[in-house]
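Inside the fold
The primary structure of each chain is shown beneath.
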Amino acid sequence: MIYIFWAAFDPPHSGHFSIIKALLHHKNPEKIIVIPSGLRNDKSYHISDDHRKKLCEIFLWEISDERVILDLEFFSWKKEMITRDVDIYVREKYGEDGIHIFWTDVITYMESWDDEGYASWKIQKIFILRWEKSISREDIEGFWIENFEIFTESKIPDISSTEIRKIIPEYIGLKSLFAEDPKFLIPGLSKKISKYILENRLYRVIPSKKPKILVHVCCGPDVTMPIIQLRDEYDVICFWYDPNIQPREEHDKRYDAFVKICEIENIPYIKGAYDVKNFFTRIKWVEHTPEKWEKCTYCYDMRMYVSAKLASRLKIPVYTSSLNTSPKKDLEKLFKMWHKYAEKYGIEFLDIPFRKRWGFEKSVEYTREHDIYRQNYCGCIYSIREWGDSNMKKRMVG
Ligand code: SF4
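Described in the following lines is the structure provided in the data block. (Residues numbered from 1 in each chain as written. Predicted model: local features only at pLDDT ≥ 70, side-chain atom pairs only at ≥ 80, totals over all residues. Heavy atoms only, no water.)

Some details on the side chain of T320
Note on placement: T320 falls in strand β10 (residues 318–321). Among the polar contacts made by the side chain of T320, one reaches the main-chain carbonyl oxygen of L350 at a distance of 2.8 Å. What T320 contacts, discounting residues up to four positions off in sequence, is I213, L214, V215, H216, L230, M304, F349, L350 and F354. (Helix = DSSP H or I, 4+ residues; strand = E, 2+ residues; numbered from the N terminus. Polar contact = N/O pair within 3.5 Å; in protein donor to acceptor, adjacent residues only side chain to side chain. Contact = heavy atoms within 4.5 Å.)

Laid out in structure tokens, this is it:
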């Protein structure tokens, strides 16, 4: 016997999962065909077809039973689908009649689905209990329903995609996306499905007015990830302030690469002064410390201090930096200081390590694809020397 489970799966949840598992266990069907619905008068979907397909594929992978088949036929339908279409399609494609799976809450209005009573009378159905603990034939007296069975063998969780969609925005904030703790799981969804939803930032409620964020830019390649990751949630304004880059020609070359990205992504930007004097004053006495030591801490802090000050002056409530993308920095230590600047200026610092979740690798891919200049030393004259030394060592060892 074939069972037909057609639904929106927007998203597929543990209720759907339990129904399939319970039917496999209690009914031992030859097949269960999972059919995500296409164009419907009574439904609008909350994510793109591509994402819904992907979620259904993950769902099937998790069920991992060869009797369960995913059929994506109705994604390509250009006209409205109804139960009769699904029924006829399954009979023609799979060579036999199927039993349709529904929740009990459709019983009261199934009759209205089509004029000829195709759904409520003709087709074979199995109803899964929803909300109520049990239901008898007397309970549905007065409704025009025939050819059905009520599945009572197993307890299926009382959840719906609508209820799950309501709670997803609580989990979708950037901080939980980057967190490595159990909050990462959305109740009612499997770990893999939660992960896919969070990573692709699906089902979030888009605020009517986005807050502004000032993103300090250390270089074009590194700012690609902050722009891409933040722009749905914030109005991103980039701030170029890097007097640590020498010589001037190199500074200008990097600035041009950054402007190219802003033009591609349509992001506004502000250019800060090239006040090299500020840089050399700040690193005085520590200029010969190696990369990542005091010299660099002062260098980062100079740029972030100026950025926090500017954000406050422009009444931009949040600031952050593309320095968070680079894999070379000790972010935990730096974040502490940058939070302090935020506090001083009455704003917030967004402490997101954009380098996580392959952020750095993705930025490399982006610059390759758009032919963006990537520098090969950090910035100051001391780093040119360090880069030269290590390259020289590499050549000697090689
Ligand atoms: S090595 Fe880079 S981070 Fe360190 S001081 Fe020079 S430019 Fe700044």
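Here the narrative resumes.
Focus: the environment of Y45
Secondary-structure assignment places Y45 in the loop between β2 (31–36) and α2 (49–63). Counting along the chain gives 37 residues from Y45 to A8, while the straight-line C-alpha distance between them is 7.7 Å. Looking at Y45, its side chain comes within polar contact range of the side chain of S37, at 2.7 Å. A distance of 2.5 Å separates the side chain of Y45 from the backbone oxygen of G38, its partner in a polar contact.

Quick look at empty space enclosed by the protein
By the definition in use, this model includes one cavity of 30 Å³ or more. By volume, the largest cavity is sized at about 90 Å³. The wall of the largest cavity is formed by N244, F279, E291, K295, C296, C299, Y300, R303, C378, G379, C380 and S383. Among the elements that line the lining of the largest cavity, the one with the most residues is helix α11 (residues 294–313), at five residues. Of the residues belonging to the lining of the largest cavity, the class tally is six nonpolar, three polar and three charged. (1 Å grid on protein atoms, 1.4 Å probe; cavity = no way out; pocket = protein on both sides within 12 Å on 5 of 7 lines; lining within 4 Å. Points joined across faces, edges and corners; volume = space filled by probe spheres on them. Nonpolar A, V, L, I, M, F, W, Y, C, P; charged D, E, K, R; others polar.)

As for the side chain of H16
Note on placement: H16 falls in helix α1 (residues 14–27). For H16, a relative accessible area of 4% puts it in the buried group. Ignoring anything within four residues of it in the chain, the contact list for H16 reads F5, F9, P11, F59 and S161. (Buried < 20%, exposed > 50% of the residue type's maximum accessible area, 1.4 Å probe, protein only.)

Take it as geometry only, folks, not as evidence of what the structure does.
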